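Each chain, letter by letter, is given below.
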Amino acid sequence: MTDHGRAVARRMYAAFNNRDYDAVPGIFAVDFRSHPLGTTGPEHVAPAWRRFHEAVPDVRVVVEDTVVEGDRVAVRTSVHGVPGQPPSTMLEFLRVRDGRIAELWGLSALNRGH
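Residues numbered from 1 in each chain as written. Predicted model: local features only at pLDDT ≥ 70, side-chain atom pairs only at ≥ 80, totals over all residues. Heavy atoms only, no water.

> Summarise helix α3 (residues 45-55); cite the residues concerned and give the values.
Within α3, burial applies to Val45, Ala46, Ala48, Trp49 and His53. The buried side chains of α3 occupy one side of the element, clustering within an arc of 160° when seen end-on. Facing away from the buried side of α3, by more than 90 degrees, are the exposed residues Arg51, Glu54 and Ala55. (Buried < 20%, exposed > 50% of the residue type's maximum accessible area, 1.4 Å probe, protein only. Helix = DSSP H or I, 4+ residues; strand = E, 2+ residues; numbered from the N terminus. Arc of directions from axis to C-beta.)

Below is the structure:
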């Protein structure tokens, strides 16, 4: 599971950075649960990414650390390109099932200046 969890996390960030909204169904499970968005289903991901890209056109996420244990993946990233802010830290925790992200929790330092 270690390689699968790490790989799907990397695919998610690559798709986000490349604005590859068509990749979403191959990354997220059909019953994907986003705790930050409060939604169920991968169909909510691409519209949320689009809104963020429209609001912050230069945003990009850089993976700094990835820790995998069983079906859980913890990722520390830095978020770059937010106007008026230095790169900020984001932590996301994923549950992976059958090579796709089934659940996501997240914390971000955006708008906090650290």
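> So what's going on with the packing of aromatic side chains? Residues and values would help.
Applying the stated criterion across every chain yields a total of four aromatic pairs. Centre to centre, the rings of Phe28 and Trp49 are 6.2 Å apart; their planes meet at 70°, and the pair counts as edge-to-face. Of this pair, Phe28 sits in strand β1 (residues 28-34) while Trp49 is found in helix α3, placing the two residues 21 residues apart along the sequence. Taken as a pair, Phe28 and Trp49 share a single burial class, namely buried. Members of the aromatic cluster, connected to one another through ring pairs, are Phe16, Phe28, Phe32, Trp49 and Phe52. For the cation-ring pair, Arg50 lies above Tyr21, with the distance from its terminal atom to the ring centre recorded as 4.3 Å. (Phe/Tyr/Trp six-rings, centres within 6.5 Å; stacked < 30°, edge-to-face > 60°. Lys NZ or Arg CZ within 6 Å of the ring centre and 35° of its normal.)

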